[in-house]
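A look at the structure
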There are 4 protein chains.
Amino acid sequence: MRGYTAPLTPEGRSSIVPPPPWHFSGEMLWISYRADPDACRALLPAGLTLADREANAAIVFCEWQWCGDDEAELHDPERGQFREALITLDCEYAGRPVARVPYAWVDSVVPLVRGLLQGLPKLPGAVHLTRAYEVGRASSRKAPGGRFNATLTAQGRRLLTGAVEISGRAAAPPALATQPFVHTRHLPGWGALPEQNDLVRSKVSGVEFGAVWHGRAKLDVADVEGLEVAALAPLDVLDGYVFAYAETLEPGGPA
Amino acid sequence: MRGYTAPLTPEGRSSIVPPPPWHFSGEMLWISYRADPDACRALLPAGLTLADREANAAIVFCEWQWCGDDEAELHDPERGQFREALITLDCEYAGRPVARVPYAWVDSVVPLVRGLLQGLPKLPGAVHLTRAYEVGRASSRKAPGGRFNATLTAQGRRLLTGAVEISGRAAAPPALATQPFVHTRHLPGWGALPEQNDLVRSKVSGVEFGAVWHGRAKLDVADVEGLEVAALAPLDVLDGYVFAYAETLEPGGPA
Amino acid sequence: MRGYTAPLTPEGRSSIVPPPPWHFSGEMLWISYRADPDACRALLPAGLTLADREANAAIVFCEWQWCGDDEAELHDPERGQFREALITLDCEYAGRPVARVPYAWVDSVVPLVRGLLQGLPKLPGAVHLTRAYEVGRASSRKAPGGRFNATLTAQGRRLLTGAVEISGRAAAPPALATQPFVHTRHLPGWGALPEQNDLVRSKVSGVEFGAVWHGRAKLDVADVEGLEVAALAPLDVLDGYVFAYAETLEPGGPA
Amino acid sequence: MRGYTAPLTPEGRSSIVPPPPWHFSGEMLWISYRADPDACRALLPAGLTLADREANAAIVFCEWQWCGDDEAELHDPERGQFREALITLDCEYAGRPVARVPYAWVDSVVPLVRGLLQGLPKLPGAVHLTRAYEVGRASSRKAPGGRFNATLTAQGRRLLTGAVEISGRAAAPPALATQPFVHTRHLPGWGALPEQNDLVRSKVSGVEFGAVWHGRAKLDVADVEGLEVAALAPLDVLDGYVFAYAETLEPGGPA
């Protein structure tokens, strides 16, 4: 019985998630902001501390294309595209800067399961980002004055709304976007099988940033009854960024 | 940090899957059939043997409503409904009859993740079943002559097609529907974290069958290039059943 | 070139909507309420007057199965099921009681287009209703104490939320549910083709009500920025009803 | 009562389709091919003749972003993005080259209804195209050797599959892509309201082509039981093209 994940089968070609490495290319709308530091700290596992600079958090909306080494997903694009939104916190672990994701949302099943396997706490949600096309008026422009918008709807509610109006090229991508992730690979117990809670460090290679544009941002986190994410609503919205990004992800080691 | 699954949060109300027990009520379209015994055996883990009676397999289409103990999902039905299709094999384990699911498909995220946690190898798919309503012509009837149809579309293909034409009441539900499941809770390794492969026995209580109707069945498993499920296509299609079913599911012990 | 709707083809089997009559069977959650009479009147075309009794409006959540005369949709249930929410106003036309639908939402394309053809102003939306199954705890019960819930999400927002707690059997269905519809079949102009605005009367036959249960209701219409439906939010929520319903719909005449 | 389409309301802001003009920007995967000329002719209304050159047809997969004059859809991108597949035939009308679309599919409601209003025979379907991002391995490249793939799934079946491998820049876009459309705005009768069948000419402005790349193409039209589109399966697959495209669409006049 073979396969990277269930279902395991004689030929191993039926797994819901194909084996790593996974290659990702996409577009990001990144909004740096200040969240309530205590609310951030309440979401950190032991060992991580909040690097509480002015911007201690970011909300990121992503449109991704991905594939395994055989590029099968590029040839059948129904399998190789998804959109994601996530909140990332600027942290330190063992004296070094890291990023920590307390919440993520994704619009399809394969990346959701892959997230759980690597410790990314993904929830289902619908994400949309304005796109820049080469021609025409129904297109945002990566140029001064260009406007990009993004939304997340989860559990039937518009939960996150973000916008960036570009003022110019940024000197560099946001620092938090270059820090490795420390995730918790958590699995509930099941009968005699014990709960698992492993701090893991992400392992990426082939990181590429396209041209990074930045500008003034807007950001809203809705206060939906019963959803805890409202605790991370912005106290202050800082810079917004728009850029293409790529990476290759492999299983990481312990943090 | 609390919660049954990720995301873990201060209040523990953000988990993608709420804690068990989970209560299920629904409608089943069940088709018993004979699959190639060697193809069935090739999908069994060590310890399970195929109980190779005339009907050694069934394909089941299900429409479910579910909730936790607080019934929150019944009050917000967007969260509490899903549809599922699965193949189940008639097996023995440690000398006793059990059921084994080599493939399952489900149309939404929460039951898919819950399946992986308990060892049910769920894949994404769209399932539809004809419904019986109390009145009108656009309704199937649970009565002689009543026709029920069901389909599964996965990866953009119509993969499973089933139909039952009711001839009368059955003396009992299909025996395989009453046998406990033995699943494999499989998780791939992640860096230094080892692969897991645990045989687990399902633990259900509160099992109820509604009136069980049966009749002549049709069943098709499409031979889609690259999908291994075609190995379980029917050699012979046997009885079909239509019935309501309920159970409560808790974490099971080792098999 | 043949067909009931586009695409017209040599064999006429490719139309998005098959030809009438259409048969419908389903479950309704019906909530009678009082809306602001001026807001109701502002939505009525010339000729219709508001019958301004205590309950002048209802919000109805519906789960439908439908088919044409050949029952093809019952045999391929992916095509024959949808869910709908609508607001209906208690009106008079030419001295007789009628119903008028200012807004409707539906979760799939074929019934949306069919709605436009007959003058039902359907918008896209996701509708969910609690279901009653024959067995189990994850099921509402059509019996005193039974609770039924329903929601509508449109444009990424939870727009309508309704609930009924059953107190007993009703003597009759709500009167408004038995009044014929007067719709406006509206089509915008297109170049030299003129705008159309035709008042049409619905023509139904084969109306059947299942057992009608009623009880205390809750109803919320969200005030989403930019959406005009908030003008019809309830001033007073009256009885709620739960019942199965069936009808056959044919093209109606002028009102 | 105001609005471009139903629902008509006091403020006219609730229409399912906002008023024209509509601006479109997007990416196209265009495959020129030879279909059976008789099958093409069987789909043409009186007045149109097939310009039966070697390539008499094309299948086009499109990813669109659109907005009205107020650009509201760009600011709420959930409303402003869709994907489409269509078949277009190379025709003549009144002695001039035109294009005729016998079948189109679209993945969301607003463009589907807008299609019907202008005479484009749109059906529901899921369309996916490989994307070119600025960086990374999980991206197609608009450069020699770049591969682009596209699929359409409708009624639960993978109906169209296309691929282009780029060999270089094309001297010009395909001629058929520059010819105006002649559509039939068809509406079934409804009771006393008569059927409508109006030949209309599309009216576009602001047409822009991005860089046009071309290369070797593959194309498959599945022969699904009951679907007439199989009559337009390719006899010979000719050039494939990949390009960005933009236009503004206004109501057209009679053909």
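Residues numbered from 1 in each chain as written. Chains lettered and ligands numbered in written order. Predicted model: local features only at pLDDT ≥ 70, side-chain atom pairs only at ≥ 80, totals over all residues. Heavy atoms only, no water.

Description of the overall build of chain A
When you go through chain A residue by residue, the secondary structure sums to 3 helices and 14 strands. The C-alpha radius of gyration computed for chain A amounts to 18 Å, which stays within 12% of the reference 18 Å derived for 255 residues, consistent with globular compactness. Taken over 255 residues, chain A has a buried fraction of 62%. Here the contacts in chain A between residues at least 6 apart in sequence split such that 65% fall between residues at least 24 apart. (Helix = DSSP H or I, 4+ residues; strand = E, 2+ residues; numbered from the N terminus. Rg over C-alpha atoms; globule rule 2.2 N^0.38 Å. Buried < 20%, exposed > 50% of the residue type's maximum accessible area, 1.4 Å probe, protein only. Contact = heavy atoms within 4.5 Å.)

Remarks on the relation of the copies chain A and chain D
Put simply, the second copy of the chain is the first one after a rotation about an axis and a shift along it. In screw terms, the move from chain A to chain D is a rotation of 180 degrees and a rise of 0.0 Å along the axis, fitting with an RMSD of 0.0 Å. What the rotation and shift describe, once combined, is the action of a two-fold rotation axis. Judged by C-alpha distance, Tyr-133 of chain A is the residue of chain A that lies nearest the rotation axis, at 5.5 Å. A high fraction, 100%, of the interface residues of chain A reappear at the interface in chain D, so the copies pair face to face through one surface. (Least-squares fit on C-alpha atoms with pLDDT ≥ 70 in both.)

Regarding empty space enclosed by the protein
Applying the stated criterion to the full structure yields 3 cavities of 30 Å³ or more. Quantified by volume, the largest cavity comes out at close to 290 Å³. What lines the largest cavity is a set of 26 residues, and nearest its centre among them are Leu-117 and Leu-187 of chain A together with Leu-116, Leu-117 and Leu-187 of chain B. Looking at the lining of the largest cavity, the elements that each hand over two or more residues are helix H3 (109–118) and strand E10 (182–187) of chain A together with helix H3 (109–118) and strand E10 (182–187) of chain B. Along the lines of polarity and charge, the residues of the lining of the largest cavity split into 16 nonpolar, 8 polar and 2 charged. Of the volumes computed, that of the second largest cavity is approximately 250 Å³. The wall of the second largest cavity is formed by 22 residues, among which Leu-117 and Leu-187 of chain C together with Leu-116, Leu-117 and Leu-187 of chain D lie closest to the centre. Within the residue set of the lining of the second largest cavity, elements represented by two or more residues are helix H3 (109–118) and strand E10 (182–187) of chain C together with helix H3 (109–118) and strand E10 (182–187) of chain D. Here the lining of the second largest cavity gets 4 residues from one element, more than from any other, and that element is E10 of chain D. (1 Å grid on protein atoms, 1.4 Å probe; cavity = no way out; pocket = protein on both sides within 12 Å on 5 of 7 lines; lining within 4 Å. Points joined across faces, edges and corners; volume = space filled by probe spheres on them. Nonpolar A, V, L, I, M, F, W, Y, C, P; charged D, E, K, R; others polar.)

So, the interface of chain A and chain D
Often the size quoted for an interface is simply the accessible area lost on bringing the parts together. Across the contact, 44 residues belong to chain A and 44 residues belong to chain D. Carbon and sulfur atoms supply 49% of the area that chain A and chain D bury against each other, a total of about 3700 Å² over both sides. Summed over the shared surface of chain A and chain D, the number is 30 residue pairs in polar contact (both at pLDDT 80 or more). Of all the secondary-structure elements, those providing two or more residues to the side of chain A that touches chain D are strand E1 (22–35), strand E3 (57–67), helix H2 (72–75), strand E4 (81–93), strand E7 (126–129), strand E8 (147–154), strand E12 (203–209) and strand E14 (234–250) of chain A. Looking at side-chain class alone, the side of chain A that touches chain D contains 15 nonpolar, 15 polar and 14 charged residues. (Buried area = accessible area lost by both parts, 1.4 Å probe. Polar contact = N/O pair within 3.5 Å; in protein donor to acceptor, adjacent residues only side chain to side chain.)

A word on the packing of aromatic side chains
Going through the model one piece at a time under the given rule, you end up with 36 aromatic pairs over all chains. Ring geometry for Tyr-4 of chain B against Trp-22 of chain B: centres 6.0 Å apart, planes inclined by 75 degrees, an arrangement best described as edge-to-face. You can see Tyr-4 of chain B sitting in the segment before strand E1 (22–35) and its partner Trp-22 of chain B sitting in strand E1, a full 18 residues away along the chain. With relative accessibility at 14%, the residue Tyr-4 of chain B sits in the buried group. With 6.2 Å between their ring centres and 70 degrees between their planes, Trp-64 of chain B and Tyr-245 of chain B make a pair best called edge-to-face. Here Tyr-245 of chain B lies in strand E14 (residues 234–250) and Trp-64 of chain B lies in strand E3 (residues 57–67), a separation of 181 residues in the sequence. Aromatic ring contacts, followed pair by pair, group Phe-24, Trp-64, Phe-82, Phe-209, Phe-243 and Tyr-245 of chain A into a single cluster. One residue, Arg-114 of chain A, lies across the ring of Trp-22 of chain A, its end atom 5.2 Å from the ring centre. Stacked on the ring of Trp-66 of chain D, the Lys or Arg Arg-114 of chain D has its end atom at 4.1 Å from the ring centre. (Phe/Tyr/Trp six-rings, centres within 6.5 Å; stacked < 30°, edge-to-face > 60°. Lys NZ or Arg CZ within 6 Å of the ring centre and 35° of its normal.)

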